[in-house]
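Survey of secondary and tertiary structure
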Amino acid sequence: MSIQDIAARYNDLQRELGEAPGDQDWSNKINALFSEDFIKTLNGEIFVKNRSELPEQISRCREEAGFWKIEEKEIIPSICTKKCIIRYALTSENFGKCEVVAILRSLSGHQIETIDEIYYEA
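So, here's what we can say about the structure. (Residues numbered from 1 in each chain as written. Predicted model: local features only at pLDDT ≥ 70, side-chain atom pairs only at ≥ 80, totals over all residues. Heavy atoms only, no water.)

Here's the deal with the overall build of the protein chain
Across its full length, the protein chain carries 3 helices and 6 strands. Scanning the protein chain from its N terminus toward the C terminus, one meets helices and strands in the order α-α-β-β-α-β-β-β-β. In summary, the protein chain has a C-alpha radius of gyration of 13 Å against a globular reference of 14 Å for 122 residues, a match within 12%. If you line up the protein chain on its principal axes, its C-alpha atoms span 40 × 30 × 25 Å. For the protein chain, the proportion of its 122 residues judged to be buried stands at 38%. Of all intrachain contacts in the protein chain linking residues separated by at least 6 positions in sequence, the fraction that spans at least 24 positions is 48%. Surface exposure of the protein chain reaches about 6,900 Å², of which carbon and sulfur atoms provide 52%. When the 15 positive and 22 negative side-chain charges of the protein chain are each reduced to one mean point, those points stand 4 Å apart. (Helix = DSSP H or I, 4+ residues; strand = E, 2+ residues; numbered from the N terminus. Rg over C-alpha atoms; globule rule 2.2 N^0.38 Å. Buried < 20%, exposed > 50% of the residue type's maximum accessible area, 1.4 Å probe, protein only. Contact = heavy atoms within 4.5 Å. Areas by Shrake-Rupley, 256 points an atom, 1.4 Å probe, with all protein chains shown as cover. Lys, Arg positive; Asp, Glu negative; His and termini not counted. Charge placed at Lys NZ, Arg CZ, Asp CG, Glu CD.)

Here is the structure:
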């Protein structure tokens, strides 16, 4: 699987999370997309230390942001094919519109090991 495919799967999951009603069990999709030792940083701070923290993080984001939509702008793969940059706009019902730049890394070619995201108001 290419890094672009992995990035597209990540954006698809974010769309689903933002638009789905109520609490749902996302375990299967999370386990398929993220490595067990996954780490996510947000604006330079560690946000998630491993995959097991993702369900709680998703729940908190949903409570704070409400529903959201993702507008993908571009996916730029690195020359090494293990990383890519994703640019997208996230519009939530509680926070409005943010621009996001995310760097995804997948050494395995199947799951995301790290995401470094930077959010800023549009």
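Quick word on the packing of aromatic side chains
Within this structure, the stated rule accounts for 2 aromatic pairs. Measuring from centroid to centroid gives 6.2 Å for Tyr10 and Phe34, while their planes differ by 85°, and the two rings are edge-to-face. Of the two residues, Tyr10 sits in helix α1 (residues 3-19) while Phe34 sits in strand β1 (residues 34-42), which places them 24 residues apart along the sequence. There is no split in this pair, since Tyr10 and Phe34 are both buried. Grouping aromatic residues by their ring pairs yields a cluster made of Tyr10, Phe34 and Phe38. Over the aromatic face of Phe47 sits the side chain of Arg60, whose NZ or CZ is 5.9 Å from the ring centroid. Here Arg62 stacks its cationic end above the ring of Trp68, 6.0 Å away from the centre of that ring. (Phe/Tyr/Trp six-rings, centres within 6.5 Å; stacked < 30°, edge-to-face > 60°. Lys NZ or Arg CZ within 6 Å of the ring centre and 35° of its normal.)

Some details on the side chain of Lys40
By the secondary structure assignment, Lys40 is in strand β1. For Lys40, a relative accessible area of 7% gives the class buried. Of the polar contacts made by the side chain of Lys40, one reaches the side chain of Glu117; its length is 3.3 Å. Apart from the residues within four sequence positions on either side, Lys40 is in contact with Tyr10, Glu45, Ile46, Phe47, Val48, Gln57, Ile115 and Glu117. (Polar contact = N/O pair within 3.5 Å; in protein donor to acceptor, adjacent residues only side chain to side chain.)

Here's the deal with unusual backbone geometry
One non-glycine residue, Asn43, adopts positive backbone phi at about 50°. In this fold, Asn43 is placed in the loop between β1 and β2 (45-48). Its identity is not glycine, yet Thr81 carries a phi of approximately 65°, on the positive side. Assignment of secondary structure puts Thr81 in the loop between β3 (68-77) and β4 (83-92).

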